[in-house]
Amino acid sequence: MASTPPPQHEFEIPPMPHLPTPSGSRHRGSFGSSFSFGPQPLVDSYLEANSSTYSNNHSIALDPNRSILHASPLRSSPRRTRKPKDSINRPHPLANDTTGIFQHSDDDADDEEEYEWGMVDRMRLWRHDALMQHLYETAAFWGDKIVSWTNDPNDAFWLAQTYFMQHQYSRAERLLTRPFPTLAPKHPSTPPLNLTNGDVSTAVAKGKGKERDTLPLAIPIPRLPLDPAGMFEGTQDPHEIISRLVDMSVACRYLAAQCQVRQGNWSDATEMLGEANPFRDLEQDRAAVPDIDGGIKIEASMCHLRGLLMLKLNRGDQAKNCFMEALALDVKCYDAFEQLVSGEMMTPEEEWEFVQGLAYASQTPQDAAFIQLIYTTRLRKYKHAEEHALTRQRLVEEYGLGDNPDVLFSFADALYANFRWSDCFVITTRILGLVAIHNATTPLHIACMYHLKHLHSKLFILAHEMVDREPENPISWYAVGVWYLSSGKWAQARQYFSKTSLMDPRFGPAWIAFAHTFAMEGEHDHAVTAYSTCARMFTGSHLPLMFVGMEQITLSNHEQADEALNASYSMCDGDPLLMNERGVMAYNRGDYMEAANLFQRALDLAEVTQSSQQSWTTTFVNLGTCHRKLKQYEQAKEAYQKVLILDPRHSLALGFLGLVHHLTNDLDHAIVKYHEALSVDPTNGYVLELLNMALESAANYGLHEYRPIIGPEQFKIQAARINAATRGVPKGSLSAPPESMNVE
């Protein structure tokens, strides 16, 4: 006899609560999107466990592998394979444009039985689960991909809802936490329940003339102001009913904690959630178990919220563990991913290994490849250049996301990391033209405008427009600070960077820029303190420690500089700029061979990443100087000539090339190069002194019979003076010459 098919789950979408996105959940620019100094020149100088239990043969304990959206289907795909359909254009129960956004359709159950779900349908489920769990960045992230594929008005509506939600937090918290009576469900398909004093004492289910045994149960009724009938729709199983009641109790607690967070009650919210995951000791491989209805696990959402609370309480290591646990439990929890990546809580290599090792195949077998690819695009670009390029190519060719802002941002991020400011600016302009505001891209866009001096006037206009349009967005005030910085107004820039960090204490670029103002103003001790604060806050970034090393070099604190640079190198060994700084330190120790090797490695890394060579002229100059110190004059000439190919009017390279000719008795070429250097920088008196020396020697001995008319020690003193004219050059320009350099 054929078995009776289970009842179809009719479901309707509950009204979306109107909550604004907190500033702490915004996309943030990473340290890599803040403007930075170029190659440093050489210098001499959840909740507690449920206390109410019951004994029976059916487990109705809270299942962490369940989402809280009871409007979601309990299966993510049909039971049998049917003829494939176009999942992108097919109407979906969660976004049905014939019945309205919040209306229930009588055809939904039939559609669910007949319809083959595709990737877009599953992502709509993720989007709705994220909305119900207040993971607005997750909802926006997956909703954005849906709109890119469908251009469906309903999908655009849900994405817009994510962006513009509002809520009254105190009223919501009071409603969630106060006790109130719960009436028995009145839905015709639901069996009657005897609800007394908030407990379920009996449950009888009748169907097809059969009566089930009565179950003695005792469990608290959740305090949630929803129509009780909605929670039991589609089921007559009392065990499933009680399980849903427990789930809703958890959801109530989770929502209450969310409200407390938004009111700034960090300790109360932590007490509501608990400081540790209560499901951690469950005897199952939680990370390998997908959510039973295909949505986002409530456990993962609670871990994410717990991580946010740890950040508020200045417990960074615990926050990092909470976010990692949330993502390991459910790879679809993008908010946790965003906190880990934008907050740079892991080193680049730790970040890569963790993200590549997540349980994509076991949690989302149909969409594993796509999720892994789209997450990979957000990782830092110091290493794995080929993998990043292949990832972007696959997303464009296989998934049709060539114009998706997140894919374009990955490309722009790679360009910026390689100092290709102009190319990066073109891509960021395209992104902002598509979406107007993209909080991951905007800091990158601003930084490019800082580096490209001809865009400073446009940066002024952009900053004013952003402040007028979004004064509550910290990035708007960051733009103001960057404009003041580009104008050399350090105090005003510091004021606005401080305002930005107060509005969003986890906005990394503002902290770095705040420290830059001290460095550029010559307040190197204050700069070291500010960079050290950044290093303590953003423990996965190597940049603050690198900048500490650069400042210590300027202060001639070589031991402290070595310590900072080595610590930075232990976190990231693929940054060519860091290689340059380590080369500077090797030079200062007198280890010219090691310095030359480090400078050459920096240039090799820049070439692998297709970095703009124009940005590395200082490193070429440094390399040439090391070769000259080692009396490897031909290699020194090659390095200086490379600089002149990139910048024919590089006065320092011209002067140094003339000096090499001078040292090799090629006096005529030396005089020519000295003249060229003076034509670029006529006030450089030290080049002029060397020119006079060369002319005097030529007059006395002839160009081709040159002999030094002064002793070697005197010549070293005179030659060293060529460097003094470059002292005091402001930092921050990659084309700036070395501050000083001994020459022999």
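Further remarks concern the overall build of the protein. Scanning the protein from terminus to terminus reveals 33 helices and 4 strands. Out of the 744 residues belonging to the protein, those deemed buried represent 56%. Accessible surface computed for the protein: about 31200 Å², of which carbon and sulfur atoms make up 51%.

Taken over all residues, the pLDDT of the protein has a mean of 74, while the share at 70 or more is 64%. Within the model, the stretch residues 717–744 combines pLDDT values under 50 with 95 contacts to residues more than four positions away or in other chains.

What follows covers helix α22 (residues 508–521). Relative to the 20 Å expected for 14 residues at 1.5 Å per residue, α22 spans 21 Å between its end C-alpha atoms, a close match to the ideal helical length. Of all 14 residues in α22, 12 are buried; the element is thus mostly enclosed. Every buried residue belonging to α22 is among Gly 508, Pro 509, Ala 510, Trp 511, Ile 512, Ala 513, Ala 515, His 516, Thr 517, Phe 518, Ala 519 and Met 520, and all of these are buried. Just beyond α22, the residue with positive phi is Gly 522, at close to 85°.

Glancing now at the packing of helix α18 (residues 441–451) against helix α20 (residues 474–486). In contact at an axis separation of 10 Å, α18 and α20 are set at 10° when each is read in the N-to-C sense. Between α18 and α20, the angle falls in the class roughly parallel. Contacts from Thr 442, Pro 443, Ile 446 and Tyr 450 in α18 reach Ile 475, Tyr 478, Ala 479, Val 482, Leu 485 and Ser 486 in α20. Looking at the contact of α18 with α20 residue by residue, the classes come out as 8 nonpolar, 2 polar and no charged.

Before going further, it helps to spend a moment on the nonpolar core. Core analysis: the largest hydrophobic core is formed by 106 residues, its most contacted members being Ile 446, Tyr 478, Tyr 531, Met 546 and Tyr 674. No other element matches the 9 residues that α20 contributes to this core. The contact partners of Ile 446, leaving out residues within four places of it in the chain, are Leu 459, Leu 462, Met 466, Ile 475, Tyr 478, Ala 479 and Val 482. Core analysis: the second largest hydrophobic core is formed by 65 residues, Met 272, Leu 273, Val 355 and Tyr 360 among them.

Procedures and definitions
- Counting from 1, residues in each chain are numbered in the order their sequence is written.
- With the structure being a predicted model, the display of local features is reserved for residues of pLDDT at least 70 and the display and counting of side-chain atom pairs for 80 or more, all residues being used for whole-chain, interface and lining totals.
- Working from all heavy atoms in the structure, the side-chain values ignore hydrogens and water.
- Only DSSP runs of H or I covering at least 4 residues are called helices, and only runs of E covering at least 2 are called strands; the numbering of each starts at the N terminus.
- We call a residue buried when its accessible area falls under 20% of the maximum for its residue type, exposed when it is over 50%, and partly exposed in between, using a 1.4 Å probe and counting protein chains only.
- To measure how exposed things are, a 1.4 Å probe is used in the Shrake-Rupley method; for residues, cover is taken only from the protein chains shown.
- What pLDDT expresses is the predictor's confidence in each residue, scored from 0 to 100.
- In what follows, residue pairs with any heavy atoms lying within 4.5 Å of each other are defined as contacts.
- The span one expects for a helix is its residue count, reduced by one, times 1.5 Å.
- A fitted line through C-alpha atoms represents every axis, and for helices the fit uses only the stretch in contact; the resulting angles, taken between N-to-C directions, go from 0 to 180 degrees.
- Oblique is the label for any angle not under 35 degrees, not over 145, and not in the 65 to 115 range, which are roughly parallel, roughly antiparallel and roughly perpendicular in turn.
- Charged residues are taken to be Asp, Glu, Lys and Arg, nonpolar residues to be Ala, Val, Leu, Ile, Met, Phe, Trp, Tyr, Cys and Pro, and polar residues to be all remaining types, Gly included.
- In this text, buried Ala, Val, Leu, Ile, Met, Phe, Trp, Tyr and Cys residues form a nonpolar core when linked through side-chain atoms within 4.5 Å.

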